[in-house]
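Here are the chains, one letter per residue:
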Amino acid sequence: MKYIIVGGVAGGATAAARIRRIDEQAEIVLIEKGHYISYANCGLPYYIGNTITERSRLFVQTPASFGKRFAVDVRVDSQVTHIDVATKQLTIRKLEGQEYTETYDKLLLSPGSSPVRPPLKGIDSEGIFTLRNVEDTDRIKNYTLTHTIRKVVIVGAGFIGLEMAENLHNLGAEVSIVEMGNQVMAPIDFSMAAHVHQHLLQKGVKLFLTKTVERFEAQSKGSQMVYFSSGEKIEADLVLLSIGVRPETALAAAAGLKLGEAHGIWVNEYLQTSAPDVYAVGDAIEFPHPLTGKPWLNYLANPANRQGRIVADNMVKGNKVKYEGAIGTSIAKVFDLTVASTGLAAKRLQQLGIAYQSSTTHSASHAGYYPGSLPLTVKLIFDPATGKLYGAQVIGCDGADKRIDQLALLIKKGGTIYDLIQLEHAYAPPYSSAKDPIAIAGYVAGNIMNGSMPVISWRELHAILKTSSPAEHLLLDVRTPEEFAFSAISGAVNIPLDELRDRLSEVPLDKPIYVYCAVGLRGYLALKILTGHGYKDVRNLSGGYKTYSTALAPVICTVGSCPLPVSSEITQSSAESMPAAASPLVNCVKIDASGLQCPGPILKVKTAIESIGKGDQVEIVSTDTAFSRDVAAWCKSTGNLLLSNTSAEGRYTVLLEKGNLKEIPSVPSVAVTAKGKSFILFSDDLDKALATFVLANGAAATGEKVTIFFTFWGLNAIKKENKPSVQKDFFGKMFSMMLPSSSKKLALSKLNMGGIGAIMMRYLMKKKGVESLESLRASALAQGVEFIACQMSMDVMGVKREELLDEVTVGGVATYMERAENSNVNLFI
Ligand code: FAD
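In every chain, residue numbers begin from 1 and rise along the written sequence. Local features in this predicted model are restricted to residues of pLDDT 70 or higher, and side-chain atom pairs are both shown and tallied only at a pLDDT of 80 or more, whereas totals for entire chains, interfaces and linings draw on every residue. For the side-chain quantities, the full set of heavy atoms in the structure was used; hydrogens and water were omitted.

**Q** What am I meant to see in the sheet that holds strand β36 (residues 676-681) here?
**A** Across a sheet, paired strands are connected by hydrogen bonds in the backbone, their directions being either parallel or antiparallel. Strands sit in the order β39-β38-β37-β36-β40 across an open sheet of five strands; the sheet is parallel. Every interior strand has two partners, whereas the edge strands, β39 (809-811) and β40 (823-828), have only one. Each strand of the sheet is rotated relative to its neighbour by a mean of 25°, with strand direction disregarded. At least two DSSP bridges between two strands are needed for those strands to be called paired. Every helix listed is a DSSP run of H or I at least four residues long, and every strand listed is a run of E at least two residues long, numbered separately from the N terminus. Pairing of β36 with strand β37 (residues 706-710), which is carried by five bridges, proceeds in the parallel orientation. Opposite K677, over in β37, you have V706 as the bridge partner. Think of each axis as a best-fit line through the C-alpha atoms, taken over the contacting stretch in the case of a helix, with angles from 0 to 180 degrees between the N-to-C directions.

This is the structure:
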């Protein structure tokens, strides 16, 4: 029997070796268009980033060693260009161009997939790459060795894009990721991807979400200018396109083989194509998803390998072994994070119109009292009627891999959330907790299912807070006062859990109560207290403040700078914003707060700071991402100095100095380095507001940090059009009546003529293609311009936070002065 296999990597090489193991007499020909077979595609990014230092380690076998061991006729640099299924004949073209034919008894196609390269202007320029095989890898590696790579742009934030972001960052490049969607890693849900967003920002990677690359322009110095459709541009010494792959179906389609709904090669359960002696496996095929029954494409190595083994059995022994399909279990390392998912995400179920419930829990990777435990977030998605598991996602720095594998096994076997509780876990403190994180996830899901803990998702709560008045409900924060003071959801009332029973009179019986704590546990206990006292409409925030604040944390990167917490990470891009850490460490208190969740680390820092003298230092190691992210803000508000904030393997080491920033001599004079621009918009004249937003947009386009401070009448330029109703005192109500209700009602400073002038101005602007005030304002925000509303003006004029645009932060004179000091242009309008 003569078997020909097209494609010599994951599926093809596996099948060839298996055929040999079950039929020693078979004639096997393996045809591969590239120069290599059986190599580690999944390891390619790590070779580029020098994690794998020896190129030879990428090759599991060479064509010669594989050919010898398995008695396979391996033909590399040979492309199959045509299949005639009627005569069972292939046409093969050698690298040098010669063509010949070969007949087969059974044929296997494992041609994989190819990267998408949209026809964008300039895409074929030097320095723009895709990564699929060894040849691509060599090209990229060689380019990094022969060129100075300071800036990299990665287009597409799938797992290959993110792996490459980490590896190119490790080579010392400043990495920007441009992604058309609103999140990285499309297969996971937004709230989970939000953890990855924050982690990337903390690592100094710039993240441009909802941005589309429109074209590239080669620069004289050898770099590329990457243009977004929004008009922004970034320069890059190297561009990696990672915007997805397509199944390689051209050969199969030309041979008349059936393609399926998802545009992959159609196969039956024996992995047989529409031609009886032709089989297909791997990235090129589509197969029904075991949970939805709908055909889908699954670009993963494990299914390709499993299919290779199954198909070999069917080709040799006749169709006996059925392929059961894959639910899509994947894992990726993104810097210190492990991001793992299996089955169907909530957003996919929503698209399919399938009812689901989800739960999010935050646990420790192993017993908190044993050193080294790290946070682990588990999201379960399940059928609200039966508890059948549809999908799961796990994110953390340790232990995500073993949890996702157990979840994948259960989901594949049709398991429910109740099975999670029955799972036996090997337990000792260094490895897990007596209640493993996925058992905890199961208990929580069980409580949701049986109605003992009604939950509200971060998305639902956010929508309610945006659209309804605070008078209509009570948002109850049951964390400690310290946690509440550190940061809380706007409009929340703080009644710590342990005081709740004594303060029930402050909780209205006739309104919906939304309870939250840090991660959900104290919220659940509070909910039980309240329902035990007759409260009917109480819901606990799923995943607590951690999920809510992470999902809503802004991801605003501007072309020149990244205003977000990146400031707390010493990296090439942000190191300037922090004074150099003083060394050697004298009078330094060291604290290990690993495993403690907020407010644990902050309380420890507070106690330590109180116990030391001015100028002394505290070094704290924490595993709490939120602490690491917010510590800069805490230092600012408490007058302490953040010397450094570094992270490795999920541990954040923060060095603080008790004292005042201005007293530290090593701080460079801001006047020398300041490049920002700040504007005070005092007026609510339409023309002045327009001028302010035009200037802000122009300034932001230069890549500098731009701040607009809205004070007194200027607040009217940032009022929402559809404001929630808010409670106001008499004067507040009077001001509301007398002032423009939103930017749409602003008047001209001259020739307003009872509003006719303003209407004329807007009409003329539209006619002449000039952007409206509202769209200029939106593009300023999109460019990362910071909007600060003056707290004092708001108080005097009775303007409530809820009336202002969501993106606005509220600050005082000190906040403005700090921005002004860091600016070389300050305008009062
Ligand atoms: P491939 O392994 O791609 O093999 C197809 C081969 O067919 C290619 O070598 C191609 O040259 C050859 N070929 C195509 N057409 C012809 C023709 N006409 N004639 C002759 N030869 C032909 N998956 C994971 O699960 N985890 C990971 O961490 C992971 N990381 C990855 C990282 C990178 C950089 C890449 C590129 C992929 C990664 N993958 C990962 C995906 C995984 O490698 C693929 O899903 C898997 O290799 C698919 O196997 P396959 O046999 O279908 O195709």
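**Q** Please clarify how the pairing of strand β38 (residues 786-790) should be interpreted in this entry.
**A** The side chains of a regular strand alternate between both faces of the sheet. To sort residues, take the accessible area from a 1.4 Å probe on protein chains only and compare it with the maximum for the residue type: under 20% means buried, over 50% means exposed, and anything in between is partly exposed. Across the five residues of β38, five count as buried, placing the element largely inside the fold. Of the two faces of β38, the one lined by E786, I788 and C790 and the one lined by F787 and A789 are each fully buried. Across four bridges, the pairing between β37 and β38 is parallel. Of the residues in β38, the one forming a bridge with I708 is F787. Pairing geometry for β38 and β39, over three bridges, is parallel. When the sheet's bridge partners are listed, I788 is paired in β39 with T809. Crossovers are marked right-handed if the path from the first strand over the helix to the second runs clockwise, as seen with the strands pointing away from the viewer. In this fold, the crossover linking β38 to β39 by way of helix α24 (residues 791-797) has right-handed handedness.

**Q** What is the right way to look at empty space enclosed by the protein in this model?
**A** Gaps between atoms show up when a probe of the same size as a water molecule is rolled over them. Using only the protein atoms, space was sampled on a 1 Å grid; points where a 1.4 Å probe fits but cannot get out form cavities, open sets with protein on both sides within 12 Å along at least five of seven lines form pockets, and lining residues are those with an atom within 4 Å of a point. Grid points are joined across faces, edges and corners, and a volume is the space filled by probe spheres set on the points. In this structure the tally under the stated criterion is three cavities of 30 Å³ or more. Roughly 100 Å³ of internal volume is contained in the second largest cavity. Counting residues per element, the ones that place at least two in the lining of the second largest cavity are β20 (285-288), β21 (295-297) and α8 (301-317). Top contributing element to the lining of the second largest cavity by residue count: β20, with four residues. Here the lining of the second largest cavity is composed, by residue class, of 10 nonpolar, four polar and two charged. Note on residue categories: nonpolar means Ala, Val, Leu, Ile, Met, Phe, Trp, Tyr, Cys or Pro, charged means Asp, Glu, Lys or Arg, and polar means any other residue, Gly included.

**Q** Explain the domain arrangement of the chain to me, please; I cannot follow it from the model alone.
**A** The parts lose accessible area when they come together, and the size of an interface is often stated as this lost area. With domains assigned, the chain is organised as domain 1 (2-114 + 247-317), domain 2 (128-243), domain 3 (336-449), domain 4 (471-551), domain 5 (588-663) and domain 6 (676-828). Delimitation of the domains relies on an automatic or database domain assignment. A C-alpha centroid distance of 34 Å is found between domain 2 and domain 6.

**Q** Mind showing me how you'd approach the packing of aromatic side chains here?
**A** When we look at a pair of aromatic rings, we describe it by the centre distance and by the angle of the planes. What counts as a ring pair is set by centres within 6.5 Å for rings of Phe, Tyr and Trp (its six-membered ring), and what kind of pair is set by the plane angle: stacked under 30 degrees, edge-to-face over 60, tilted for all other angles. Evaluation of the coordinates by the stated rule reveals 14 aromatic pairs. A ring pair is formed by F208 and F228, whose centres lie 5.6 Å apart and whose planes are at 65°; its orientation type is edge-to-face. With F208 in strand β12 (residues 206-208) and F228 in strand β14 (residues 224-228), this pair connects stretches of sequence that are 20 residues apart. Here F208 and F228 have matching classes, each one buried. Here the aromatic cluster, defined as three or more aromatic residues joined through ring pairs, consists of F682, F712, W713 and F828. Taking the ring centre of Y545 as reference, the NZ or CZ of R479 above it sits at 4.5 Å. Sitting over a ring, as applied to charges here, requires NZ of Lys or CZ of Arg to be within 6 Å of the ring centre and within 35 degrees of the ring normal.

**Q** Is there a simple way to explain the site of the ligand in this structure?
**A** Among the 28 residues in the neighbourhood of the ligand, the closest are listed as G11, E32, S110, D283 and A301. Polar contact is defined as a pair of N or O atoms within 3.5 Å, subject to the rule that within protein one atom must be able to donate a hydrogen and the other to accept it, and that residues adjacent in sequence are counted only when both atoms are side-chain atoms. At 3.0 Å, a backbone N or O of K33 approaches a nitrogen atom of the ligand. Of all elements in the fold, only α1 (10-22), β4 (78-84), α5 (159-170) and α8 reach the threshold of two or more residues within the shell around the ligand. Sort the elements by how many residues they give to the shell around the ligand and β4 lands first, with three residues. Class assignment for the residues of the shell around the ligand results in 16 nonpolar, eight polar and four charged. Residues from two domains meet in the shell around the ligand; each of domain 1 (2-114 + 247-317) and domain 2 (128-243) gives at least three. If a single non-hydrogen atom of a residue is within 4 Å of a molecule or strand, that residue counts as near it.

**Q** Help me out: how do you make sense of helix α3 (residues 63-70) in this one?
**A** Two residues of an α-helix separated by three or four positions point the same way, owing to the 3.6 residues in each turn. Every buried residue of α3 is listed here: F66, G67 and F70. Seen from one end, α3 has its buried residues packed into an arc of 100°, which puts them on one side. Exposed positions of α3 whose direction lies more than 90 degrees from the buried face are A64, K68 and R69. In this description, contact between two residues means that some pair of their heavy atoms is separated by no more than 4.5 Å. Tucked into the core, α3 has its buried residues touching α1, β2 (27-31) and β3 (73-75). Once α3 ends, the next one or two residues include A71, with phi positive near 50°. Think of the arc as the fan of directions from the helix axis to the C-beta atoms.

**Q** So what exactly am I meant to see when it comes to unusual backbone geometry here?
**A** With glycine set apart, most residues show a phi of negative sign, and most peptide bonds adopt trans. The phi torsion at D77 lies on the positive side, around 50°, for a residue other than glycine. Position of D77 relative to the elements: it lies in the loop between β3 and β4. One non-glycine residue, M753, adopts positive backbone phi at about 45°. For M753, a relative accessible area of 52% gives the class exposed.

**Q** Got a minute to help me understand α1 in this structure?
**A** Here the expected span of a helix is defined as 1.5 Å times the quantity of residues minus one. Over its 13 residues, α1 extends 19 Å from the first C-alpha to the last, a length consistent with the 18 Å expected when each residue adds 1.5 Å. Among the residues of α1, G11, G12, A13, A15, A16, A17, R18, I19 and R20 are the ones counted as buried.

**Q** Please clarify how a nonpolar patch on the surface should be interpreted in this entry.
**A** Where nonpolar side chains cluster on the molecular surface, the patch consists of L751, M753, I756, M760, Y763 and L764 and spans about 670 Å² of accessible area. Relative to the assigned elements, I756 resides in helix α22 (residues 756-767). Patches in this entry comprise residues that are over 30% relatively accessible and not in a salt bridge; like charges within 9 Å are linked, as are nonpolar side chains (Val, Leu, Ile, Met, Phe, Trp, Tyr) within 5 Å. Under the convention used here, a 1.4 Å probe and the Shrake-Rupley method define accessible areas, while residue burial counts only the protein chains that appear. For this document, the term salt bridge refers to a Lys or Arg side-chain nitrogen within 4 Å of an Asp or Glu carboxyl oxygen.

**Q** I would appreciate a short explanation of the sheet that holds strand β15 (residues 233-236) in the present structure.
**A** What the three strands build is an open sheet, ordered β13-β14-β15; its pairing is antiparallel. Because the sheet does not close on itself, it has two edges, and the strands there are β13 (213-218) and β15. Strand-to-strand twist in this sheet, taken as the mean axis angle between neighbours without regard to direction, amounts to 25°. Pairing between β13 and β14: five bridges, direction antiparallel.

**Q** Explain a positive patch on the surface here, please?
**A** The convention is simple: Lys and Arg are positive, Asp and Glu are negative, and His and the chain ends are not counted. Here the site of a charge means NZ on Lys, CZ on Arg, CG on Asp, or CD on Glu. Together, R21, R309, K317 and K320 make up a positively charged patch on the protein surface. Tracing the sequence through the fold places R309 in helix α8.

**Q** Would you mind showing me how to read the pairing of strand β30 (residues 513-516) here?
**A** Neither face of β30 is open: one carries I513 and V515, the other Y514 and Y516, and all of them are buried. Bridge count between strand β28 (residues 474-477) and β30: four bridges; the pairing is parallel. By the bridge assignment, L474 is partnered in β30 with I513. Of the pairings in the sheet, the one linking β30 to strand β31 (residues 538-541) comprises three bridges and is parallel in character. Of the residues in β31, the one forming a bridge with I513 is V538.

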